[in-house]
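Spelled out, the chains give:
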Amino acid sequence: MDVRGVLNLNQALRYAAGVTADTRGGEGTRYDLYDLRGFTVPTFLDGLRFQDSPTGFAVAQTDTFRLSRIELLKGPASALYGQSSPGGLTALSSKLPTDQKFYGGVTTTGGMFDLYRVDADVGGFATDDGLVRYRLYGTVNGQHTQLSKTGSRRFSISPSFTFGGDGPTTLTLLGNYQYDPESGSYGGVPLIGSLKRASFGYLPRNFYDGDASFEKFNRRQGAITYIFNHRFNDDWSFSTRGRYDDIRTIYRSVYDNGSYNSDEMLSRSAYGTQEHTYNLAFDSQFKGNVRTGPLQHKMMFGFDYMQQRANDREAYGDAPDLDVLHPDYHMVISPLTPSSDYVTRSHQIGAYGQDEIRWHRLILTGSIRNDWYRSNQVEHIGQTDTRQSSSQITWRASALYHFDFGLAPYISYSTSFQPQSGSVSNDGGATVRQASPSIGKQLEGGVKYQFPGTSVLLTVAGFHIEQSNVLVSVANTGYNVQSGLVHSDGFEFEAHAEPYKNFMITAAVSVQKVHDDSTGKPLIQSGKGNASLFAFYTMPSGPLKGLGFGGGMRYSAKAYGGEATYGSVWLPQYALFDGSLSYDLSNLSPTLRGWKASASVRNIFDKHYVSNCFAYGSDGEYCYYGERRNAQASIGYSW
């Protein structure tokens, strides 16, 4: 992430196999929007799930500079993590206090679209013996977006303390407060005029479909996390963690309806919401090592709990048409009409266990979990009270064999479940019930190979995923049938290597087919795969010692964007190129020890492309332009 100058989670995952990146294009940066193996996936921070809001607006976003690492777990993972996507999940880990006595760094960044950032990270021992340790991260940043009249700003601070040093019992407290007074636009461009030529030609990439005076996005999020670990002895340990999140979002926007009322007049609507979510999450587990004859067991037993309360008020209204050739971004927008006012309460309880059995070079893993999920929504305007109650058992089984020359073939089967909202009837509406969770299952097989004594790691995987119990709406009724089936089949290859000192290379290739049986078409916004290659080399000696340089290519195969009035929508394939530079300034003078300069550029050749489309025929046809060329440079001091 540091080498590539990553600014958000979307950018961090662009070089991973199986990822359909930037599903809202280059402008939709206020949320982390991407797919994994064809499915939208949840995000976990420090082992605890970020809970989705009922509307999807009061959703936390984590600044990647406060993270120590990002991990992708591919395929169904409910056996350990509860409600999740068939595609997998993304796991984020915060920067926490370390065993260094005093350390830190300050970095300033500037770039195109008036980017500015100041990031500071400092930590060390609060007591001489290191029994109490601290770390404090903070950032101030902002920039204009690639759309006219829009920009983003952020203020964030994250203090953390660890008590217990290197002892058997430690307690870490982590806080975070983040304020985003504005965060770009959530709009797009109509399909006609972006992917497909309009009578007037094509809309520019900085086209903004909203109203600058009306646009508002204000998000405040705060969280407090605890992580407690205790080692009973060399074999057994206990850990527990919990987090309270408070997220408040005020959102207001004028957006295009994906159609024109005349050749140049874009139809628009207005929407606003104020949503406030209160989230609790806990996870506790025992881990231990047991030997039974020739078998070694790594066992884990756990219990987790999630709770959410969400308050939301929404309003809709009409907005004046926009002349796309002569846009006026300061028009009079009529007051919005309240459309919903509800309170949603939900909670989930889960109990799980896992046994990892080793016999010589063979590893067998089995996991099982039971979840109980409850939800209740009271809507005051429509005076409705809907409830959902379900339980689900999920499991996983896998086998892997380590050969002594570095080869490790494996096979695994895993399942998942996702609660979903909606009314279901199997008898033409005579009896109606709440929807049951959708069920995911995956069969995966592959090979991993690590060259002995090196960091060169190659992985190959093939998978088949099915998601069943998907809701399919019944035309001209208010209910669904739960007969939908989505399946994703694919192949992935990844390579991570440092073949010799100061040289880093990563490569990835994925091919996938994601099909929705209810429509007979691919799953909307799912791509057919991606490929990437990134290499970076730092000069170890000579007059250019400390100079690092490299670059990468990322390719996205064509993707399905839905059904337009003229037929199926397919986004063309595209390839983009990135570049990175860095220099350790201490090589110029010993007095500059700790100083480092770096620069990076994304989409070097400023390729014009459409990243994604959502086409629903007469109900709207929307697209999103991909990120334009974007360059930045940083200088920082660390100790």
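A.B. asks: Looking at this structure, I do not really get a nonpolar patch on the surface. What am I missing?
C.D. replies: On the surface, Phe-102, Val-106, Val-118, Trp-595, Ile-635, Tyr-637 and Trp-639 cluster together to form a nonpolar patch covering roughly 610 Å² of accessible area. Elements supplying a minimum of two residues to the nonpolar patch: β8 (102–111) and β37 (630–638). You can see Phe-102 is positioned in strand β8.

A.B. asks: What should I look at first to understand the packing of aromatic side chains in this one?
C.D. replies: What describes a pair of aromatic rings is the distance from one ring centre to the other and the angle between the planes of the rings. All chains considered together, the criterion is met by 28 aromatic pairs. The interplanar angle of 70° and the centroid separation of 6.0 Å between the aromatic rings of Phe-200 and Tyr-260 together place this pair among those described as edge-to-face. Here the residue Phe-200 occupies a position in the loop between β13 (189–190) and β14 (216–231), and Tyr-260 occupies one in strand β15 (residues 236–260), the gap between them amounting to 60 residues. An angle of 55° between the planes, with centres 4.8 Å apart, marks the rings of Tyr-271 and Tyr-316 as tilted.

A.B. asks: Looking at this model, I keep getting lost on the environment of Arg-241. Mind explaining?
C.D. replies: Along the chain, the position of Arg-241 falls in strand β15. Residues Arg-241 and Gln-285 lie 44 residues apart in sequence; the distance between their C-alpha atoms is 9.3 Å. In this view, Arg-241 contacts Asp-46, Gly-47, Leu-48, Tyr-226, Ile-227, Ala-281, Phe-282 and Asp-283; residues no more than four positions away in its chain are not counted.

A.B. asks: Sorry if this is basic, but what is going on with the side chain of Ser-185 here?
C.D. replies: Looking at the element boundaries, Ser-185 is found in the loop between β12 (169–183) and β13. Owing to a relative accessible area of 2%, Ser-185 belongs among the buried residues under this scheme. A polar atom in the side chain of Ser-185 sits 3.0 Å from the backbone nitrogen of Gly-187. The contacts of Ser-185, once residues within four sequence positions are left out, are Glu-27, Gly-28, Arg-30, Leu-147, Thr-150, Tyr-208, Asp-209 and Glu-215.

A.B. asks: Explain the pairing of β15 here, please?
C.D. replies: Looking along a regular strand, one sees the side chains alternate between the two faces of the sheet. Of the strand pairs in this sheet, β14 and β15 are connected by 16 bridges, and their pairing is antiparallel. Opposite Tyr-226, over in β15, you have Gly-242 as the bridge partner. Taken together, β14 and the strand that follows it, β15, pair antiparallel across an intervening segment of four residues. When β15 meets strand β16 (residues 265–292), the two strands line up antiparallel, connected through 22 bridges. Each residue of the ladder has a partner; that of Arg-252, found in β16, is Gly-272. Hairpin connection of β15 to β16: four residues between the antiparallel strands.

Reading the values: rules and limits
- Residues numbered from 1 in each chain as written.
- Predicted model: local features only at pLDDT ≥ 70, side-chain atom pairs only at ≥ 80, totals over all residues.
- Heavy atoms only, no water.
- Patch = residues over 30% accessible without salt bridge, like charges linked within 9 Å, V, L, I, M, F, W, Y side chains within 5 Å.
- Areas by Shrake-Rupley, 256 points an atom, 1.4 Å probe, with all protein chains shown as cover.
- Salt bridge = Lys/Arg side-chain N within 4 Å of Asp/Glu carboxyl O.
- Helix = DSSP H or I, 4+ residues; strand = E, 2+ residues; numbered from the N terminus.
- Phe/Tyr/Trp six-rings, centres within 6.5 Å; stacked < 30°, edge-to-face > 60°.
- Contact = heavy atoms within 4.5 Å.
- Buried < 20%, exposed > 50% of the residue type's maximum accessible area, 1.4 Å probe, protein only.
- Polar contact = N/O pair within 3.5 Å; in protein donor to acceptor, adjacent residues only side chain to side chain.
- Pairing = 2+ DSSP bridges.

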